Each structure stands twice: as C-alpha cells, then as structure tokens.
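Structural overview for review
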Amino acid sequence: MGGSEKKYVQEAFDSNWIAPIGPNIQGFEHDLENFLGQQVSVATLSSGTAAIHLALILSGVKYGDEVLCSSFTFSGSCNPIVYLGAIPVFVDSEKDTWNMDPVLLEEAIEDRIKRTGKRPKALVLVDLYGMPAKLDLLIEIARKYEIPVIEDAAEALGSRIGDRFCGTYGDFGILSFNGNKIITTSGGGALVSKSEKMIEKARFLATQARDSAPHYEHSEIGYNYRLSNVCAGIGRGQMEVIKNRVSKKRSIFQAYFDRLDPQAVEFLAEPTGFFSNRWLTTILIKKDGIFPEMVRSELEKRNIETRPLWKPMHLQPVFSRYPSFTSGLSEALFAKGLCLPSGTSMNEAELDLVIGELVRLGL
Ligand SMILES: *Cc1c(COP(=O)(O)O)cnc(C)c1O
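Structure report, in brief. Keep in mind the model is a prediction, meaning the values are calculated, not measured.

So, about the pattern of salt bridges. Under the definition given, this model contains 21 salt bridges. With a shortest N-O distance of 3.5 Å, arginine 143 and aspartate 171 are connected by a salt bridge. Separated by 28 residues along the polypeptide, arginine 143 in helix α6 (residues 135-144) and aspartate 171 in the loop between β7 (164-165) and β8 (172-176) bring together distant segments of the chain. Judged by its relative accessible area of 42%, arginine 143 is partly exposed.

Looking at the secondary structure, you find phenylalanine 275 in strand β11 (residues 274-275). Separated by 25 residues in the primary sequence, phenylalanine 275 and arginine 250 place their C-alpha atoms 9.9 Å from one another. Once residues lying within four places of it in the same chain are set aside, the contact partners of phenylalanine 275 are Pro132, Gly158, Ser159, Arg160, Val246, Arg250 and Glu270.

Taken together, 15 residues form the shell around the ligand, and within it Thr49, Asp152, Glu155, Ser176 and Lys181 come nearest. Within the side chain of threonine 49, a nitrogen or oxygen atom sits 2.5 Å from an oxygen atom of the ligand. Here an oxygen atom of the ligand and a side-chain polar atom of serine 176 are 2.7 Å apart. For the ligand, whose free accessible area comes to 380 Å², the fraction covered by protein is 94%. Its residues assigned to classes, the shell around the ligand comprises three nonpolar, nine polar and three charged.

Basis of the calculations
Residues numbered from 1 in each chain as written. Predicted model: local features only at pLDDT ≥ 70, side-chain atom pairs only at ≥ 80, totals over all residues. Heavy atoms only, no water. Salt bridge = Lys/Arg side-chain N within 4 Å of Asp/Glu carboxyl O. Helix = DSSP H or I, 4+ residues; strand = E, 2+ residues; numbered from the N terminus. Buried < 20%, exposed > 50% of the residue type's maximum accessible area, 1.4 Å probe, protein only. Contact = heavy atoms within 4.5 Å. Near = heavy atom within 4 Å. Polar contact = N/O pair within 3.5 Å; in protein donor to acceptor, adjacent residues only side chain to side chain. Areas by Shrake-Rupley, 256 points an atom, 1.4 Å probe, with all protein chains shown as cover. Nonpolar A, V, L, I, M, F, W, Y, C, P; charged D, E, K, R; others polar.

This is the structure in structure tokens:
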C-alpha cells in the first residue's frame, strides 16, 4: 500500500457508503481518466476479466462468433470469449515485444474469412508483462477489416508508446487491480473507452441492466460487475503512488539487468519509443545446461519464488481445440523463460539476496 488508502477507506466508512456506488468510485474513475489522458472515460468494475467480458458484449460478440486473441497471455484474456459461447482464435507472438505478431494476425484474419465466410467479431490484444504490443500496426490491420479492438492492459498500467498510455489504444481498454498487479484494490478492474456512451452502457450492464423505472424493469441480461466504494478507496490511494510504483519496478528490472550475466540470460529490450512499466522482470535462459525449472526449484529451497512465463493458451488443455496461428515463439518463450521476484515492497537486501542466488546458479 502507498499511504493514503486507509484515509479513503475510512471516508467510505464514515459516510456509510459501503456499497457499489459512492464518492470513492467517482474519485477513482476520475484519477484514472486524468492519468490516462486521451479524453477517455473509465468505468471501474469488479475485475479485469469482467471488463473484458463487457467489452466483448459491447463489441457485439455473440454465440458462435470468432474472436482473435493473443495466445501468450493469462487465461483471463480469453475466458470471457468462451463465457459468450464465442470461439477464441489464438495468434502467436513476435520477438520484439513478445506480444501479438502483426503478420500472423493478418494471416489469421484472411484464413478465418476464407474458411467461415465471416470476419472475426473482435480482437483482444495483450500488453504482456507491461510491454506494449506493436499497437499501431496491429490496430491498423484490425481497422482494415473493421474489427473492434480490445486492448488488455491488465499488466500495463503506466506503460506507454511515446506519451500515449497503454489502455487507450483500442476501441476498449481494460485494466486490472487484482492483488498481483502494479496497483491493486485487492480485486477490481476497469473498462476504458473514448466513447462515453459505451462506458455508460457498461455501467448499465454491470448494474444488472436495470432500466430506468421506479420498479425493477429489465429488457436485457445484466451482470453484477461493479466495484465496491470501499475498494475504490484503496484505488484512490494507489493512484497517488502509481508513478513511484513504475519507477520502482523499472529499477528492479535495471538491477537484474546490470548484475546478471549477459552471456547466460537475455532480457526483453524496449523497442524505440516504447516504455514498459516492467510489471514483472522476465528473463530467457540461454546458457547451455541450465533450465528454468532447475533455477526455480533451487530458489524455492531458499524461499525465493520465481515462476515460468505464461503457458500459451493454444497449449492449454481447455483451449487447445480452438483454432490457432502459431510460429513456435511463445512455446520457446515458455520453455526458456522465468519471471523473477519483482515486488515493489522488496528491499535492497532482499533484491541483493535474490541476485546473489541467481549468480551462484551461473546466471
Ligand atoms: C490479471 C489479468 C487479467 C484479468 O484481470 P483480473 O482483474 O484478475 O480479472 C486479464 N489479462 C491479463 C493479461 C492479466 O494479467
């Protein structure tokens, strides 16, 4: 936590707004709108996954439609596609950002049109580990085929290309404030759009699609997807420290980068103009005879937690039967990669200890 979270939570208690409406929600939404710029509107929600679900609905995705999605991601990106009875079509990554490959994207679109006679209904683009995808290129392709874009910036709050922040690129952007993200409300998320009307519609759907009438009147299926005013208070406090969090994450990355052996490990560089929040520091192990699982289990013995990179969705038992357009890149990343401890509450001594252990293992 940053420091002022308790003050905002206390305000929620003092004013008795223990509900999914109240001043902290408006305040938190304002903070996000101001931070992101680009004149976006923001609706805070109960999770990033809920935000993707609503973005898909607002993009017009229906039962049986196809939706393109990055394969190299967390399952939260694509589970909502299946909630709708739609079909995820997975697209592999390129090597510069580890995010969706524009060449494969166009190949996938052309192929699906040829096979099904229909355009995919939406595109979910992910900025994984905080690294922005090649958004301009990818969005240009989507525009050419008139496919709405949902930018999954759950891991990328504070990341940008030039001075334009992740989350503001697509027709919709989504953010997550889950406990593991760069800022957290314990659980929560947000939908971002330049269309105020779409954000209003999202709030309506997130409030059980209650029509305006004195009684409870419903002409659409709704969801209970709003954020609590108590949690929004945590979010307001967190927005006061978002910039520090990004600097801290980047300094953790820099420490690993400076002190690990460049012959043994490879880091993902920022392409020109790209600025990553370095949510997690990730490495690829290129030294012969050292495997990520060896490193992970050795570090675990010393109570240091590392994790493999995300296992691509097209390899997941639950998603493997869906169409995918792959190059082998995300599989190779999964085989060689490791996420290193990147918590912003780590102190200097703890970081030294982790780096010392990695060096001891030959990295
Ligand atoms: C965390 C995450 C989500 C889901 O967000 P929740 O708030 O946990 O539902 C979606 N996509 C990616 C890439 C994520 O990392």
